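For reference, the chains in residue letters:
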Number of protein chains: 2
Amino acid sequence: MFESAELGHSIDKKQYAAQEPKLREALLNAQFDLAENKSFPVIVVIGGVDGAGKGETVNLLNEWMDPRHIRTCAFGDPSDEERERPRMWRFWRALPPKGQVGILFGAWHTDPIVRRVSKEIKSAELERQIDEIVRFERMLTDEGALLVKLWFHLSKDRQKKRLRSLEKDPDTRWRVTKLDWQRFKLYDRFREVSEYYLRRTSTAESPWTVIEGTDERYRSLTAGRTLLAAMRERLDQKPAGRVPDRTPPILPAIDKRDLLGSLKLDRKLEKEKYEKLLEEWQGRLNRLSRHPRFKEMSVTIVFEGSDAAGKGGAIRRITGALDARVYEGIPIAAPTEEERAQPYLWRFWRHLPRHGRFTIYDRSWYGRVLVERVEGFCSEADWMRAYSEINDFEEQLAKDNMVVAKFWLQVSKDEQLRRFKARQETSFKRFKITDEDWRNRKKWNAYRSAAEDMIERTSTSVAPWTLVGANDKYHARITVLKALCGRIEKGLESL
Amino acid sequence: MFESAELGHSIDKKQYAAQEPKLREALLNAQFDLAENKSFPVIVVIGGVDGAGKGETVNLLNEWMDPRHIRTCAFGDPSDEERERPRMWRFWRALPPKGQVGILFGAWHTDPIVRRVSKEIKSAELERQIDEIVRFERMLTDEGALLVKLWFHLSKDRQKKRLRSLEKDPDTRWRVTKLDWQRFKLYDRFREVSEYYLRRTSTAESPWTVIEGTDERYRSLTAGRTLLAAMRERLDQKPAGRVPDRTPPILPAIDKRDLLGSLKLDRKLEKEKYEKLLEEWQGRLNRLSRHPRFKEMSVTIVFEGSDAAGKGGAIRRITGALDARVYEGIPIAAPTEEERAQPYLWRFWRHLPRHGRFTIYDRSWYGRVLVERVEGFCSEADWMRAYSEINDFEEQLAKDNMVVAKFWLQVSKDEQLRRFKARQETSFKRFKITDEDWRNRKKWNAYRSAAEDMIERTSTSVAPWTLVGANDKYHARITVLKALCGRIEKGLESL
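No experiment lies behind these values; they were computed from the predicted model shown. (Residues numbered from 1 in each chain as written. Chains lettered and ligands numbered in written order. Predicted model: local features only at pLDDT ≥ 70, side-chain atom pairs only at ≥ 80, totals over all residues. Heavy atoms only, no water.)

Q: I'd like to hear about the interface of chain A and chain B, residue by residue, with values.
A: On the chain B side, the residues contacting the 55 residues of chain A number 55 residues. Interface area for chain A against chain B, summed over the two sides, is near 4,900 Å², with a carbon-plus-sulfur share of 48%. Where chain A touches chain B, the interface holds 23 residue pairs in polar contact (both at pLDDT 80 or more). Those elements giving two or more residues to the side of chain A that touches chain B turn out to be helix 1 (13-37), helix 2 (54-64), strand 2 (70-74), helix 3 (80-83), helix 12 (311-319), strand 7 (327-331) and helix 13 (337-340) of chain A. With 7 residues, helix 1 of chain A is the single largest residue contributor to the side of chain A that touches chain B. For the side of chain A that touches chain B, the class distribution of residues is 15 nonpolar, 11 polar and 29 charged. (Contact = heavy atoms within 4.5 Å. Buried area = accessible area lost by both parts, 1.4 Å probe. Polar contact = N/O pair within 3.5 Å; in protein donor to acceptor, adjacent residues only side chain to side chain. Helix = DSSP H or I, 4+ residues; strand = E, 2+ residues; numbered from the N terminus. Nonpolar A, V, L, I, M, F, W, Y, C, P; charged D, E, K, R; others polar.)

Dropping the structure here:
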């Protein structure tokens with residue numbers, strides 16, 4: 001992988017002087033076109049050997065390009081807000097919106113490589129993280145992002161020379177620290193691990209480009225040209241914009257056991273008994289939220305279900321048990337402009353709770369495989385890939401000591417009709433029935449089969465669905481509270 | 001101020017049972033109307049004596065209202081991301097968007113009161129902070145926010161009883177800490193300081209409502225009704241929405257010394273000399289950015305000036321001197337949907353740099369008193385009040401060890417024409433001249449007099465304008481770099 005980056009590539013001054021202005025102009029024009037058509041973001045990921053010119057190249061790209069449409073993020077120690085959220089949260093918050101270039105310095109690959117080099121993690125864990133990253137990057141490209149991954153390489157000998165020469169110059173001496181020399185001792189191991197990492201994460205959609213870092217002119221022009229070529233290729237596609245959908249994966253034939261059909265919808269609870277149980281379980285939930293170790297975990301709750309299934313009521317029974325300062329309710333409606341400029345899951349990532357807190361989603365990322373699928377708001381390929389993207393997402397949450405509790409509230413078609421009619425009588429405006437509700441009701445079967453698929457494909461051991469027969473509201477609410485307490489208790493145990 | 005909240009108000013069970021459901025329904029309906037028309041945010045600020053039922057009331061409001069459109073924020077210890085930004089940053093990021101209710105627990109008043117009670121700050125500093133808060137709250141209401149400020153009061157005797165009874169009940173014992181008893185010893189002083197604070201911050205637009213906290217039913221109904229009445233009053237205004245503009249303040253007659261007219265536009269620098277100076281000043285800026293104590297401060301740079309005045313070029317000479325990882329360039333164009341749902345300055349607050357970093361605004365919050373004024377995008381009252389809002393804003397930045405460097409780049413009308421024509425020839429697309437540029441040019445005089453007013457009114461000791469004669473780009477760029485270095489050096493000295 002690195003052989004061709006040890007050949008001693010170089011470009012002479014004259015050549016450079018002739019080519020640099022043209023490259024620069026072309027980059028600026030590409031950037032202008034990108035900002036104009038706003039159809040995709042460009043994510044430049046920078047990695048490589050210390051002293052190979054990563055920082056200089058990033059600075060140069062910033063100098064060449066229009067600083068208004070480019071943003072560079074480096075990832076040092078995470079802030080406390082970042083530490084209390086899943087590992088990838090800080091990268092999600094740094095993603096550039098459509099129309100912009102984001103340069104991510106170090107990005108998500110530094111940590112696994114460095115930790116494997118220092119033997120903090122075993123190869124199995126590296127493997128797991130690589131899989132996670134491959135899937136994450138595929139999601140980015142599937143979402144239309146242009147991912148340009150640049151790796152700056154130096155041979156061992158060259159790295160030594162480079163560090164020495166940086167040390168000699170008083171202007172650059174500050175850049176070489178003890179840590180650099182410590183790392184240099186691990187060169188061979190670093191090379192081995194990163195070669196493996198690069199091989200495993202070079203995919204057709206987002207290959208790594210390895211650039212020899214020795215000669216500044218060669219390095220600069222190559223980096224600039226790689227970026228330009230990638231941008232130009234995407235910009236000049238007709239029609240510009242979205243990468244062509246890949247062929248939808250074939251849904252493996254799943255034995256339809258009719259999960260929702262086998263769910264008992266009519267289990268009832270008398271009012272008196274309900275009130276006793278409600279107090280009991282709300283008390284339990286409240287105590288759990290004040291458990292000393294609860295500060296080390298967090299809870300994300302998802303409510304899905306047909307219209308008028310009682311999601312709002314169940315949510316209120318949860319929030320009623322909690323101090324208003326520890327939870328946030330997020331109703332999911334149409335995405336905002338800033339959310340539309342990002343990958344699909346971005347708007348859910350942004351609301352993830354810190355440790356010690358709850359986020360309650362009233363409808364959620366499952367919209368993609370429910371309403372968006374049924375109404376045709378996204379392509380088949382988009383919702384087909386969403387199942388595994390969602391599973392990946394929830395796995396990451398669970399890894400961060402987050403309980404992911406998902407509730408599907410199911411009412412019968414008759415019960416829905418009864419509730420719609422009752423709502424038309426009520427003076428609670430928030431229960432207003434709209435034409436859309438009636439339209440959705442007509443698609444009852446399509447929604448139901450989408451829900452069946454969703455439950456089959458996204459009920460995982462770390463984030464199982466709880467199916468709730470909800471014809472009786474009392475029964476449904478107690479079921480939800482019980483299951484939620486159970487999940488939190490398990491979460492506390494496994495800390 | 002507190003006398004009427006020590007009368008022993010109470011409501012009996014029966015009355016409460018009769019009134020609570022009605023209040024609840026009315027609150028839900030108000031919330032629904034608010035979410036529908038999305039014309040203003042509701043900011044509920046909660047303060048008061050410990051044990052007076054603040055938390056319980058907030059929880060109850062959350063229980064009563066639709067959790068999807070209400071959000072509660074408490075402000076404990078600031079996170080590190082918050083600590084490295086001006087004091088008010090954390091409150092800005094917690095502001096609810098239009099259409100939503102945000103409950104701010106403690107909010108901006110806790111800190112000044114508590115610190116004055118404990119004598120950490122003197123009365124002069126309390127005075128200063130009160131002034132700041134009054135202006136901040138006026139800005140919020142001027143921006144259309146509905147501000148509802150609730151203060152929960154208990155007499156000394158009642159507070160003692162309340163803390164004791166909380167301690168007795170095993171379910172609430174956790175809520176009374178040593179700190180509460182320590183604070184109780186300071187009751188008289190707390191009462192005195194907060195009474196003064198309340199008096200000074202009770203304005204016509206956002207008065208405090210003091211609620212006696214002893215009786216839970218009285219307290220709950222009173223808080224709910226106060227909120228409901230305030231929401232209903234605003235929602236039922238015809239036309240709904242924006243508070244009526246207050247009468248525009250009369251601009252005091254300012255001696256027009258024609259600042260821009262007296263600026264020398266034609267000072268020149270030869271290319272050779274420029275290149276030498278550029279290297280020198282860029283080197284100096286670079287070293288300043290790596291100064292060990294630079295980590296304790298931050299820099300915000302603002303560029304304003306007529307079209308084609310060379311803002312972009314000057315910005316690139318600054319960024320060219322810096323490591324791409326320490327700055328962010330923010331081009332200001334039309335606000336996004338999320339930004340439009342917030343007070344005017346929100347979109348500038350959100351990009352403020354952490355310590356050790358630069359943010360460079362290409363156009364800025366001054367748009368309000370330039371383009372928005374000239375083009376009539378906002379009312380006269382809006383841009384008139386913007387001067388002092390901006391001065392307040394920049395003062396807050398400066399207080400947080402932030403250098404605020406503002407550059408006005410001025411070219412002559414002839415030079416602008418020359419550049420427009422040159423740009424029409426160039427192949428750099430980002431220099432494309434649009435019809436809008438030509439339209440703006442026709443309003444040269446209006447823009448110029450807006451700029452004069454702006455400079456007069458917003459050149460303060462903490463954030464002075466640097467006026468740059470920019471007919472010669474080389475001269476302009478060096479002037480900018482020099483001034484910037486000077487400001488940072490001063491900033492470092494005064495740390």
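Q: Summarise the environment of Arg 68 of chain B; cite the residues concerned and give the values.
A: Considering the arrangement of structural elements, one finds Arg 68 of chain B in the loop between helix 2 (54-64) and strand 2 (70-74). The exposure class of Arg 68 of chain B is partly exposed, given its relative accessible area of 27%. Arg 68 of chain B sits 216 residues away from Arg 284 of chain B along the chain, and the two C-alpha atoms are 52 Å apart. Aside from chain neighbours lying at most four places away, what touches Arg 68 of chain B is Pro 331 and Asp 362 of chain A together with Gln 100 of chain B. At 2.7 Å, the side chain of Arg 68 of chain B and the side chain of Asp 66 of chain B are in polar contact. (Buried < 20%, exposed > 50% of the residue type's maximum accessible area, 1.4 Å probe, protein only.)

Q: Give me the sheet that holds strand 9 (residues 402-410) of chain B: which residues, what numbers.
A: All names here are of chain B. Ordered by their spatial adjacency, 5 strands build an open sheet running 7-8-6-9-10, and the pairing between neighbours is parallel. The strands lining the two open edges of the sheet, one partner per strand, are strand 7 (327-331) and strand 10 (465-469). The mean angle between the axes of side-by-side strands here comes to 20 degrees, regardless of whether they run parallel or antiparallel. Both strand 6 (residues 298-305) and strand 8 (residues 358-362) contribute to a ladder of 5 bridges, which runs parallel. Looking at the pairing, Val 299 lines up with Phe 358 of strand 8. (Pairing = 2+ DSSP bridges. Axes fitted to C-alpha atoms, helices over the stretch in contact; angles between N-to-C directions.)

Q: Would you mind going over a positive patch on the surface in detail, with residue names and values included?
A: Together, Lys 264, Arg 267, Lys 273, Lys 276 and Lys 482 of chain A give the surface a local cluster of positive charge. Positionally, Lys 264 of chain A belongs in the loop between helix 10 (216-235) and helix 11 (271-289). (Patch = residues over 30% accessible without salt bridge, like charges linked within 9 Å, V, L, I, M, F, W, Y side chains within 5 Å. Areas by Shrake-Rupley, 256 points an atom, 1.4 Å probe, with all protein chains shown as cover. Salt bridge = Lys/Arg side-chain N within 4 Å of Asp/Glu carboxyl O. Lys, Arg positive; Asp, Glu negative; His and termini not counted. Charge placed at Lys NZ, Arg CZ, Asp CG, Glu CD.)

Q: How would you summarise the packing of aromatic side chains if you had to cite specific residues and measurements?
A: Residues and elements named next belong to chain A. Tallied over the full model, the rule gives 42 aromatic pairs over all chains. For the pair Trp 365 and Tyr 366, a centre-to-centre distance of 6.3 Å together with 40 degrees between the ring planes defines the contact as tilted. On the accessibility criterion, Trp 365 (0% relative accessible area) is buried. Look at Tyr 366 and you get buried, because its relative accessible area is 0%. Seen from the ring of Tyr 344, Arg 368 lies directly overhead, with NZ or CZ sitting 4.2 Å from the centre. (Phe/Tyr/Trp six-rings, centres within 6.5 Å; stacked < 30°, edge-to-face > 60°. Lys NZ or Arg CZ within 6 Å of the ring centre and 35° of its normal.)

Q: Go over the pattern of salt bridges, please, and point to the residues and values.
A: Applying the stated criterion to the full structure yields 91 salt bridges over all chains. Across the pair Asp 382 of chain A and Arg 385 of chain A runs a salt bridge, and its minimum N-O distance is 2.6 Å. Here Asp 382 of chain A pairs with Arg 385 of chain A, and both are found in helix 16 (residues 380-399), just 3 residues apart, close to one helical turn. Judged by relative accessible area, which is 10%, Arg 385 of chain A ranks as buried. Of the charged contacts, one joins Glu 56 of chain B and Arg 162 of chain B as a salt bridge, the two residues approaching to 2.3 Å between their closest N and O atoms. Here Glu 56 of chain B, found in helix 2, pairs with Arg 162 of chain B, found in helix 7 (residues 156-168); they are 106 residues apart in sequence, far enough to count as distant. Look at the salt bridges and you will find they share partners, linking Asp 142, Glu 143, Arg 368, Glu 372, Asp 382, Arg 385 and Glu 389 of chain A into a network.

Q: Explain the environment of Leu 28 of chain A residue by residue, including any values.
A: Inspection of the secondary structure assignment puts Leu 28 of chain A in helix 1. Along the backbone, Leu 28 of chain A and Asp 400 of chain A are 372 residues apart, and their C-alpha atoms lie at a distance of 41 Å.

Q: Describe in detail helix 19 (residues 444-458) of chain A, supporting the description with residues and values.
A: For an α-helix the count is 3.6 residues per turn, leaving residues at separations of three or four pointing the same way. All names here are of chain A. Relative to the 21 Å expected for 15 residues at 1.5 Å per residue, helix 19 spans 21 Å between its end C-alpha atoms, a close match to the ideal helical length. Taken as a whole, helix 19 has its buried residues at Trp 444, Tyr 447, Ala 450, Ala 451, Glu 452, Asp 453, Met 454, Ile 455, Arg 457 and Thr 458. Those residues of helix 19 that are buried are in contact with helix 15 (371-374), helix 16, strand 9 (402-410), helix 17 (413-425), helix 18 (435-442) and strand 10 (465-469). (Expected span 1.5 Å × (residues − 1).)

Q: So what's going on with the sheet that holds strand 5 (residues 208-212) of chain A? Which residues, and what values?
A: Residue and element names in this part refer to chain A. The strand order 2-3-1-4-5 describes an open sheet built from 5 strands, whose pairing is parallel. The open sheet has two free edges, formed respectively by strand 2 and strand 5, since each of these has just one partner strand. Neighbour-to-neighbour, the strand axes of this sheet turn through a mean angle of 20 degrees, independent of strand direction. As paired elements, strand 1 (residues 42-48) and strand 4 (residues 146-153) share 7 bridges and run parallel to each other. Across the sheet, residue Ile 46 finds its bridge partner in strand 4, namely Leu 150. Seen against the sheet, helix 2 touches strand 1, strand 2, strand 3 (101-105) and strand 4 and runs at an angle of roughly 165 degrees to strand 3.

Q: Which residues make up the side chain of Ser 306 of chain B, and what values go with them?
A: In this structure, Ser 306 of chain B sits in the loop between strand 6 and helix 12 (311-319). Apart from the residues lying within four places of it in its own chain, the contact partners of Ser 306 of chain B are Lys 311, Arg 363, Trp 408, Leu 409, Val 411, Gln 416 and Trp 444 of chain B.

Q: Describe the relation of the copies chain A and chain B, with residues and values.
A: Laying chain A over chain B is done by rotating through 180 degrees and shifting 0.0 Å along the axis; what remains is an RMSD of 0.0 Å. This pairing of chains is accounted for by a two-fold axis. Same-surface contact between copies: 100% of interface residues of chain A are shared with the interface of chain B. (Least-squares fit on C-alpha atoms with pLDDT ≥ 70 in both.)

Q: Which residues make up the pairing of strand 3 (residues 101-105) of chain B, and what are the values?
A: Consecutive side chains of a regular strand alternate in pointing toward one face of the sheet and then the other. Residue and element names in this part refer to chain B. Counting buried residues in strand 3 gives 5 out of 5 residues, a clear majority hidden from the surface. In the sheet, strand 1 (residues 42-48) pairs with strand 3 via 5 bridges, with the strands oriented parallel. Each bridged residue has a counterpart across the sheet, and for Val 45 the counterpart in strand 3 is Leu 104. Pairing of strand 2 with strand 3, which is carried by 5 bridges, proceeds in the parallel orientation. The residue of strand 3 that forms the bridge with Ile 70 is Val 101.

Q: Tell me what's going on with helix 7 of chain B, and back it up with residues and numbers.
A: With 13 residues, helix 7 of chain B should cover 18 Å at 1.5 Å per step; its first-to-last C-alpha distance of 19 Å lies within 8% of that length. Close packing links the buried residues of helix 7 of chain B with helix 2, helix 8 (178-185), helix 9 (187-201) and helix 10 (216-235) of chain B.

Q: Tell me about the confidence of the model for chain A, residues and numbers included.
A: Residue and element names in this part refer to chain A. Averaged over all residues, the pLDDT of chain A equals 91, while 96% of them reach at least 70. The least confident element of chain A is helix 8 (residues 178-185), whose mean pLDDT is 87; the most confident is strand 6 (residues 298-305), at 98. Between residues 240-250, whose pLDDT stays under 50, and residues either more than four places distant or in other chains, the model counts 27 contacts. Our summary of model confidence lists the complex with pTM equal to 0.87 and ipTM equal to 0.83. (pLDDT = per-residue confidence, 0-100.)

Q: Account for the packing of helix 5 (residues 110-117) of chain A against helix 9 (residues 187-201) of chain A, naming residues and giving values.
A: All names here are of chain A. The contact between helix 5 and helix 9 brings their axes to 9 Å, and the two run at 140 degrees. Regarding the angle of helix 5 to helix 9, the classification is oblique. In the crossing of helix 5 with helix 9, the sense of the turn from one axis to the other is right-handed. The residues of helix 9 that touch helix 5, namely those facing Ile 113, Arg 116 and Val 117, are Arg 189, Phe 190, Val 193, Ser 194 and Tyr 197. For the contact of helix 5 with helix 9, the class distribution of residues is 5 nonpolar, 1 polar and 2 charged. (Parallel < 35°, antiparallel > 145°, perpendicular 65-115°, else oblique. Left-handed = near helix turned anticlockwise from the far one by under 90°.)

Q: How would you explain the side chain of Arg 162 of chain B if you had to name every residue and give the values?
A: Residue and element names in this part refer to chain B. Using a relative accessible area of 18% as the deciding quantity, one classes Arg 162 as buried. A distance of 2.3 Å separates a polar atom in the side chain of Arg 162 from a polar atom in the side chain of Glu 56. Dropping the residues within four chain positions of it, Arg 162 is found in contact with Gly 51, Gly 53, Glu 56, Leu 154, Arg 175 and Arg 219.

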